[in-house]
Every structure is written in structure tokens, then in C-alpha cells.
Amino acid sequence: MLLAVMSGFGLALGAPWLHRLSRAWSGWLLALLPAGLLLYFAGYLPTVARGEAVRVAYGWVAGLNLNLAFRLDGLSLLLTLLVLGIGALILIYGGSYLAADAHLGRFYAFLTLFMASMLGLVLADNILVLFIFWELTSISSYLLIGYKHTSETARAAALQALLVTGAGGLALLGGLVLLGLIGGAWEFSALSSQRAIVLAHPLYLPTLLLILLGALTKSAQAPFHFWLPAAMEAPTPVSAYLHSATMVKAGVYLLARLQPILSGSQAWSVIVSTVGAVSLLLGGALALRQHDLKRMLAYSTISALGMLTLLLGLGSAYATTAMAVFLLAHALYKGALFMVVGVIDHATGTRDVDRLGGLRRAMPLTALCATLAAIALAGFGPVLSFIAKELLLEAVLHLSGGGIVLVPVVVLGSASFVAVAAILAIRPFHGAPTPTPRHPHEGAASMLLGPALLATLGLILGLAPGLVANTLIAPVVSATMGRAEAVELKLWHGLTPAFGLSLLSVMIGLGVYLRWIRLRRAMRWLDVLFGWGPTRWYAHALHALNVLARWQTGLLQNGRLPSYLRLIIVTTIALVGYTLLTRVAWPATLPWSAPHFYELMLAILILLAAVSAVLAPSRLSAVATLSIVGSGIALIYIFYSAPDLAMTQILVETLTVLLFVLVFYHLPRFNTHTPARHHLRDGVIALGLGSLITALVLAVSATPPQSAVAPYYIEHSKPLAHGRNIVNVILVDFRGLDTLGEITVLAVAAVGVVALLRLRPWDGKSK
């Protein structure tokens, strides 16, 4: 499994190069890898159908007992097949959709990067590994949404998606760490057996809230839904992949994965069900307000994700089975519909449904694909989504108490699906032809392959649900419930109350479609209402963040070196001084011995030199007096039997003086620009730092030396590094890489200094 995940990242690196070689066939060639991986993972279907899970683990951070662990059970297998199968179709589709794009190779790289990240996310068994791939999907989706980087709206949409999902990711990290600490394990498979401990822990509720924040922001659930419609600025292949079957399902996947660990409490049921129900209704209502087909699909996706979240909140066997079936059905029909909308936009130059009509004759195959996928969206007919809706209604009807509230919610939500399906299947293709920016024509075969396959598959699985009942759906239900569950899927359940409610939702949906134009105008108040909603909150939060960033940048990064030094020194004094005062146990008497005469004279000399450096009228005299301080310190080293340090100090002092003299030649004349009060302030800060260093020396001197590392170096310097000078051995051998890094930093700094010295004022003549 690790090789399967890593191969995706390798493909991302080689995708631009492969595109340059193969051009028109690059999408087909790139699709070979996900298609091959799809066949490989499909080979595990019999194993997973028997209720077994395949797990592999590689050592990662042994000291923390962390492993790079992957696990393939029913839930991860379903998502894996969707990620790879739809990913392969999108690569083929995108190659034709963006054939004229000069940066198609970059698009392939971003898309395969996302595909590999998503694959790692759904296969991860370690919660920290999952988080790493989780964040990789956020970063790669940012690149994909902002693919048209010359568009300001695309850049803003990408940033919005990154900030919202990134903030949720930070909350998720906190929740996962808490979960790992509470459960005493970092693998989902191990945490499943710690459910009672997790539920009884005092930090259960904060853990749950943090994890829900991460999952709900990723799956665009209310009130974090606003980033998804804005993300429709992305090219249609991106929307068809990320916003139908993969990225937005990541949050739902995480909730399903954690259901055996976190569910069972009232907080889980109330929060997850309520958020799901609100998102179901909100997305459905806002979808009917749209006339852009992609935005309409985006809002209907929010509604569908709300339905999945609601089902996870209910948590019953009926609800979990409905969730598994609807998860598969939604990925099939929504991916097909997004691609159909892309074909329409590509062929006509618009996706505004008010400007489309009569395309059936010019685009018969596209119309057929749209009709099949729209029937699945409506959830009424011989399609897989119909079975899911029946199960959903059965789950709600079997609820005690809350079912009375949820029945109208589910019926109205389903009705919005029917209305949107009718709009998508009828208005662009039927009626009188409408003039469009481009002469309409049928889409290329590579663009129709994806929607045709996905829509047909939804129909086949609806007619023969037994094909997936025990091989795919039952393992998903078992993995989500945390126990083995038998599943029976049937297209026709008879004239049941659930069928009656399903029929009612269809009638309401058709009624809404017939009055849609008038209803859409009447729903203008929604724009006013939501104009004060989360979108505006985000704008205000972003503005406040920018104001804060400008303020702190002006304070901390104002371009003035004295300010930087002052801030560093004051911070050091405050933090280290506080620690010294509160954490260090000072002895009653400090060790003290009367200094020798020469030591006292040397100290006086250093102090006088320091004062002279401060009062020096020129830079050269300041450096000269400072060198007296350095030489004095070298003498101290000699007095206390440290000739190596003394030699180093003398070399550093000599080199420093030479460099200063060379640099002074290029600096402007020495002037005093600061008032006296600033000198006084800096003097106080300098005295504070000196006092702090003195206190540190006294603290160290007062504590008996107890080094845990010194005996090691003393013992091993000669046999391991063949050196008698322990300091040299530490610098060159034991800390060799650290020393190399320090030398590199100095070299880079030297290059920067040389570059700055070579700068010349702009003369306005150079190009």
C-alpha cells in the first residue's frame, strides 16, 4: 500500500515531463496508473467481503512508538476505488477539456498530487499519518482551485478554501492528539477497542468538538459551507473530482472512521445530526436560487453531504447502510453531472441555465448522460440512489421521537434534489434552441466517457444491487458500525410508508420545478439574509487578520536593525529573567573567592573599554575599544586554563576588526540620529542584559556541575572519533552536521552581505 501511495507522488513529479512527450495522449497515459491501482485494490474485494482487513505498518518514529500504518477494510476500500476510478476518468476528461491550455502539464501534476494525498488519507491507519495526508489534500486543492492564477476571483476562492479547511485542520490536529493521548494508541484499529475509555474521559467533549470542526469544514457543512460554491472558480475537471467524490467526502469519511470510537454519546448524535439536517435543507434551498449550473451542483453537493452527515449522526444499522449506499451513488451521479456541465460549458461557452435550451439535437449523447445522472440525483427510478433514499426514510421512520422532526426535513431535502435534477436534465436540452456564445456541438469521446460510465454504473447497480451488497456495502457498514452487519439491498420494497414519502418528495420537487423561475425570484430574500451570514463573517475575519498582520509587521519587522536587536534582548530578559526568578532555587550564600590583583585590573579594563565603545565618536574607535573587551576575555580564558578558547577568541576578534574596517569604507559618515532619551532607554536595556548574564553565571556557579553528556564524550572521544581534544571532536565528529549547517548559514549570510554591498542606486537606464 505504501508503494501504491508513493507511486502517485512519483507520477505527480513526472506528469509535466510525460505531457511534453505525449501531448494529446498524456491524459490517457497518466490514467494508466490509477486504473492499474484500481484493479490491484479491486483484487482485495473477496478478502474484505469476508470481513477481513489488510494492515501493513512500517517503523516511523520508534522513540514515540509511531508507525507509518495503512489499513484496508470495507470503508477505506470503497473510498480507494472511488478515488482511483473517478481519478482515472478525470485525467482523460481533463486532457480534452484543457487541451488548449498552455499549462496542462502543471494541471496533471497538481491533480495527481491530490489523488495520491487522498489515497493516503483513506488508507491511513495511524491518525497522525492521516493528518499529514489531510493537509496535503488541502494544499493540493488550493493549487487546483487557483489553477487559473491570473484570475483574481480564482485566487480568492483558493485562499478561502485553504483558510477555512486549514483552520479546521488545526482544530483536527488538536482533537486527534487528544484522542491518541486519551486512548493510549495512535492507530484507528487500536483505538476502536478503547471506546469506553474515550467516552468516559473528561476531555471527550473538547476532543469531539475539535475533530468535528476539522471534519465539517472539510465537508463544507453549515456554517462552513460557503467555500464550496466559491471554489467553482476551479476548472470543471477539478470540481468533478474534488467536489463530488473525493475531497468533500474526506470529512464524511473521517466521521465514519471515528464512529466506532466517538459515537454513542448524546453530544455526537445531537451535533452531527443537527449539522447534517441544517446543511441538507440549506444546500437544497440555495441550489434552487442559482442559475449557474456549477454553483447549483455545488449547493446540491452541500445538501447531499448534509444527508450523509445526518445518517452518521443517526448511527443505526438502517442509517449506516443508507450512508454507505448513498456515498457510492452520490459519487457516481455527481461526478457525471459535473462532467456534463463541463461538456455544455465547453461546447456552448456558457453554463448559465437561463441562456441554454434546445441542445438535445446538437448534443444527443450529452443529453442522454445528463438524463441518466439526473434520474440518480432525483433518487426515483431504477437507480442506486433510490435504494439509498428508501433506506434513509426507513431509518428516519424507525427513530423514536426525533423522526417526527426529521421526516419533513428529509422529504423537503429530497424534493430539492428532484427539482435540481429536473432543471439540469430538461432546461438545457429541451424547448426552443437558445443562442449561445459558441455554436453548440457534441462533446469529444474522451469527455463523454466519464459521465457515460458513471451514469450507466449507477443504473446497473440500481437494477442489480446484489452486485455490491455483500462485496462492498456490507464491509463498509461493518467497518463504520464496528461490528459485522448483514446487508440486503432491494430496488423494490413494496408500497411502504417510505415509498409514499419518496413519492411525495418527487411530487413536491416537480411542483417546485414547474414554478422554479417564479420561486427563484421570490427567494431573493435568501441573498439578503445570507449576505449577513458566514460569507461576511469570513470577509470581516480576513480583514481583521490583515489589519493584525500589518500591525505586527510594523512592530516586529519594520526594517530597522536596532528595533530587532532591542526586541530580541528585551524578550530574552523577560523570559529568562522570569524563569530565573521563579524556577531557580538560589542558595543562601553564593560561592565567592577574593579575586587576584590581575583579575581585578582586567575586569576594570574591560569595563572601561565597554564604556569607551559606547561613547566613541567614530565607528573605528568603537571597534578598537571593543577589541580590548574581546582580548580581555581571551586573557580570562588563559587564566582559567582554556588556551583553545583563548586562541579562538583572539582569531574571532582579529577577523571581526578586519571585516569591520573593510565594511566601514562603504558606509555613510557616522552621525548621531537618535535623541538622548533613546540612548538612555538603550542603556537601561543593556544594563538589564548585563545583569541577566551575571545572574545566569552566578546561578550556574552555584549549582554543582551535573552533566549527563560530558561523561559520554569523555569516554567515547578517543575510541570513536580518534581525537584527544574533546571540544574539537564534538564540533567535527559528534556534531559534524550541525557544524556544517552553521558554516552554511555563515556562507549564505556572507553572500547576502556581498550582494548588498554590490548594490548600486537605480539610475533609471538599466532594463
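Residues numbered from 1 in each chain as written. Predicted model: local features only at pLDDT ≥ 70, side-chain atom pairs only at ≥ 80, totals over all residues. Heavy atoms only, no water.

A. Main features of the packing of helix α16 (residues 317–348) against helix α18 (residues 384–397). Between α16 and α18, the shortest axis-to-axis distance is 8 Å and the interhelical angle comes to 150 degrees. In terms of orientation, α16 and α18 fall into the roughly antiparallel class. For the element pair α16 and α18, the recorded crossing hand is left-handed. Residue-level contacts link Y318, A319, T321, A322, V325, F326, L328, A329 and Y333 of α16 to L384, S385, A388, L391, L392, E394 and A395 of α18. Partitioning the contact of α16 with α18 into residue classes produces 13 nonpolar, two polar and one charged. (Axes fitted to C-alpha atoms, helices over the stretch in contact; angles between N-to-C directions. Helix = DSSP H or I, 4+ residues; strand = E, 2+ residues; numbered from the N terminus. Parallel < 35°, antiparallel > 145°, perpendicular 65-115°, else oblique. Left-handed = near helix turned anticlockwise from the far one by under 90°. Contact = heavy atoms within 4.5 Å. Nonpolar A, V, L, I, M, F, W, Y, C, P; charged D, E, K, R; others polar.)

B. Quick look at the packing of helix α10 (residues 204–218) against helix α13 (residues 247–262). Taken N-terminus to C-terminus, the directions of α10 and α13 make an angle of 155 degrees; their axes are 7 Å apart at the nearest point. Our classification of the angle between α10 and α13 gives roughly antiparallel. Contacts between α10 and α13 pair Y204, L208, I211, L212, A215 and K218 from the former with M247, V248, A250, G251, L254, L255, L258 and L262 from the latter.

C. Highlighting a nonpolar patch on the surface. Where nonpolar side chains cluster on the molecular surface, the patch consists of F597, Y598, L600, M601, I604, L608, I633, L635, I636, I638, F639 and Y640 and spans about 1100 Å² of accessible area. Of all elements in the fold, only α27 (597–615) and α28 (619–639) reach the threshold of two or more residues within the nonpolar patch. For the nonpolar patch, the element with the most residues is α27, which contributes six residues. With respect to the helices and strands, F639 occurs in helix α28. On the basis of relative accessibility, which here comes to 35%, the residue F639 falls in the partly exposed class. (Patch = residues over 30% accessible without salt bridge, like charges linked within 9 Å, V, L, I, M, F, W, Y side chains within 5 Å. Areas by Shrake-Rupley, 256 points an atom, 1.4 Å probe, with all protein chains shown as cover. Salt bridge = Lys/Arg side-chain N within 4 Å of Asp/Glu carboxyl O. Buried < 20%, exposed > 50% of the residue type's maximum accessible area, 1.4 Å probe, protein only.)

D. Summary view of the nonpolar core. Ranked by size, the top nonpolar core spans 208 residues in total, and within it F41 and L262 carry the most contacts. Residue contributions to this core peak at 21 residues, all from α16. Setting aside chain neighbours within four positions, we find F41 in contact with M1, A4, L72, L77, T80, L81, L84 and L123. (Core = buried A, V, L, I, M, F, W, Y, C linked by side-chain atoms within 4.5 Å.)

E. Region of the structure containing unusual backbone geometry. Following A222, the chain continues into P223 via a peptide bond in cis, with omega recorded as 5 degrees. Despite not being glycine, A220 has its phi angle at roughly 55 degrees, a positive value. With respect to the helices, strands and loops of the structure, A220 is situated in the loop between α10 and α11 (227–230). You will see that S641, though not glycine, has its phi angle at about 60 degrees, which is positive. With respect to the helices and strands, S641 occurs in the loop between α28 and α29 (643–664). Relative accessible area serves as the criterion here: at 66%, S641 is assigned to the exposed category.

F. Here's a closer look at the packing of aromatic side chains. For the structure on display, the rule yields 17 aromatic pairs. On the numbers, 6.5 Å between centres and 50 degrees between planes, the contact of F70 with F133 is tilted. Of this pair, F70 sits in strand β2 (residues 66–72) while F133 sits in helix α6 (residues 127–145), and the two are 63 residues apart along the sequence. Accessibility classification places F70 together with F133 in one group, the buried group. When the centroid spacing of 5.7 Å and the interplanar angle of 90 degrees are considered together, the rings of F380 and F386 count as edge-to-face. With a relative accessible area of 28%, F380 lands in the partly exposed category. In textbook terms, an aromatic cluster arises when at least three aromatic residues are bridged by ring pairs, as seen for F380, F386, W492 and F499. Positioned over the ring face of W516 is R520, at 4.7 Å from the centre of the ring. (Phe/Tyr/Trp six-rings, centres within 6.5 Å; stacked < 30°, edge-to-face > 60°. Lys NZ or Arg CZ within 6 Å of the ring centre and 35° of its normal.)

G. Geometry of the layout of surface pockets. Its boundaries defined by the atoms lining it, the second largest pocket holds a volume of some 990 Å³. Surrounding the second largest pocket, 23 residues form its lining, W592, A603, I636, Y640 and V697 being those nearest its centre. Contributing elements (two or more residues each) for the lining of the second largest pocket: α27, α28 and α30 (676–702). (1 Å grid on protein atoms, 1.4 Å probe; cavity = no way out; pocket = protein on both sides within 12 Å on 5 of 7 lines; lining within 4 Å. Points joined across faces, edges and corners; volume = space filled by probe spheres on them.)

H. The arrangement of the environment of F188 in detail. Take F188: it is sitting in helix α8 (residues 188–191). F188 gets classed as buried once you look at its relative accessible area, which sits at 3%. Each residue touching F188, except ones within four places of it in the same chain, is listed here: A124, D125, N126, I127, L130, R257, L258 and I261.

I. Structural view of the pattern of salt bridges. Using the criterion set out here, one finds 12 salt bridges in the structure. The salt bridge partner of D125 is R55, with a shortest N-O separation of 2.8 Å. Placement of D125 in the loop between α5 (104–123) and α6 and of R55 in strand β1 (residues 54–61) is noted, with a sequence separation of 70 residues between them. The salt bridge partner of E485 is R483, with a shortest N-O separation of 2.8 Å. Each of R71, D73 and R257 takes part in one network of salt bridges that share partners.

J. Representation of the environment of I271. Tracing the sequence through the fold places I271 in helix α14 (residues 266–287). Of the residues examined, I271 reaches a relative accessible area of 26% and is grouped as partly exposed. Apart from the residues within four sequence positions on either side, I271 is in contact with L209 and L212.

By themselves, these figures tell us nothing about what the structure is for.
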